[in-house]
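# Working through the structure, step by step
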Amino acid sequence: MRTTTTPRVRTGIVDQHATWIAVNPVQGCPKSCRYCFLHERGQAGVAPETLADPASTVELLLTSPLYAPTRPVAPAKIAAAPRRRMSCDESCQGVRAGR
Ligand code: SF4
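Here the residue index of a chain counts from 1 through its sequence in written order. With the structure being a predicted model, the display of local features is reserved for residues of pLDDT at least 70 and the display and counting of side-chain atom pairs for 80 or more, all residues being used for whole-chain, interface and lining totals.

### Some words on the overall build of the protein chain
For the protein chain, the helix and strand inventory stands at 2 helices and 6 strands. When the elements of the protein chain are put in sequence order from the N terminus, they spell out β-β-β-β-α-β-β-α. Here the protein chain, with 99 residues, has 24% of them falling under the buried criterion. Counting only contacts in the protein chain whose residues sit at least 6 apart along the sequence, the fraction spanning at least 24 positions is 58%. Secondary structure counts use DSSP, requiring at least four H or I residues in a row for a helix and at least two E residues in a row for a strand, with both numbered from the N terminus. In this scheme every C-beta is placed from the backbone, and a residue whose C-beta has 20 or more other C-beta atoms within 10 Å is buried, one with 12 or fewer is exposed, and one in between is partly exposed. What counts as a contact here is a pair of residues whose C-beta atoms, placed from the backbone, lie within 7 Å.

### Description of the confidence of the model for the protein chain
Along the chain, pLDDT gives the predictor's confidence residue by residue, from 0 to 100. In the predicted model, the protein chain carries a mean pLDDT of 79, and 71% of its residues have values of at least 70. Predicted confidence for residues 78-88 stays below pLDDT 50, and this span has 26 contacts to residues more than four positions away or in other chains. Within the model, the stretch residues 95-99 combines pLDDT values under 50 with 7 contacts to residues more than four positions away or in other chains.

### A word on the nonpolar core
Nonpolar cores are identified as sets of buried Ala, Val, Leu, Ile, Met, Phe, Trp, Tyr and Cys residues joined via C-beta atoms within 7 Å. The biggest cluster of nonpolar side chains holds 8 residues, and these are V14, I21, A22, V23, V58, L61, V73 and A74. No other element matches the 3 residues that strand β2 (residues 21-23) contributes to this core.

### Some points on the environment of A68
Its place among the elements puts A68 in the loop between α1 (54-63) and β5 (72-75). Taking the C-beta count within 10 Å as the criterion, A68 has 10 such neighbours and is therefore assigned exposed. Counting along the chain gives 47 residues from A68 to I21, while the straight-line C-alpha distance between them is 9.7 Å.

### Some remarks on α1
Restricting attention to buried positions, one finds in α1 the residues T57, V58 and L61. Along the axis of α1, the buried residues cluster in a sector spanning 100°; they form a single face. Relative to its buried face, α1 has exposed residues pointing more than 90 degrees away, namely A55, S56 and T63. Of all possible arcs, the one meant is that of the directions from the helix axis to the C-beta atoms.

### What to know about the environment of L38
Within the secondary structure, L38 sits in the loop between β3 (26-27) and β4 (49-50). Judged by local crowding, L38 falls into the buried class, with 22 C-beta atoms found within 10 Å. The sequence separation of L38 and V9 amounts to 29 residues, and the corresponding C-alpha distance is 9.5 Å.

As structure tokens, then:
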């Protein structure tokens, strides 16, 4: 499946991006779109890996020094851009509800 030559890098499950907190409990994408930033991380063309279950992910978010209730959160696997940004509270409610 692997089509990239860049070594695979696992990023933090809770990570700060430009203006939002990214939550990445699942990392990697089996597709290999040419334009995708995941090539830089060696995470395109690879099997997705689950690095944390939903409960652990919420705990990591809530205990992160990056966390604040009103900060935007992108609660998605690293591969997918969020359709809309959510606040931390919305995100945690979604994870708890299994969305
Ligand atoms: S994350 Fe999206 S753009 Fe990137 S390789 Fe997967 S499907 Fe393509």
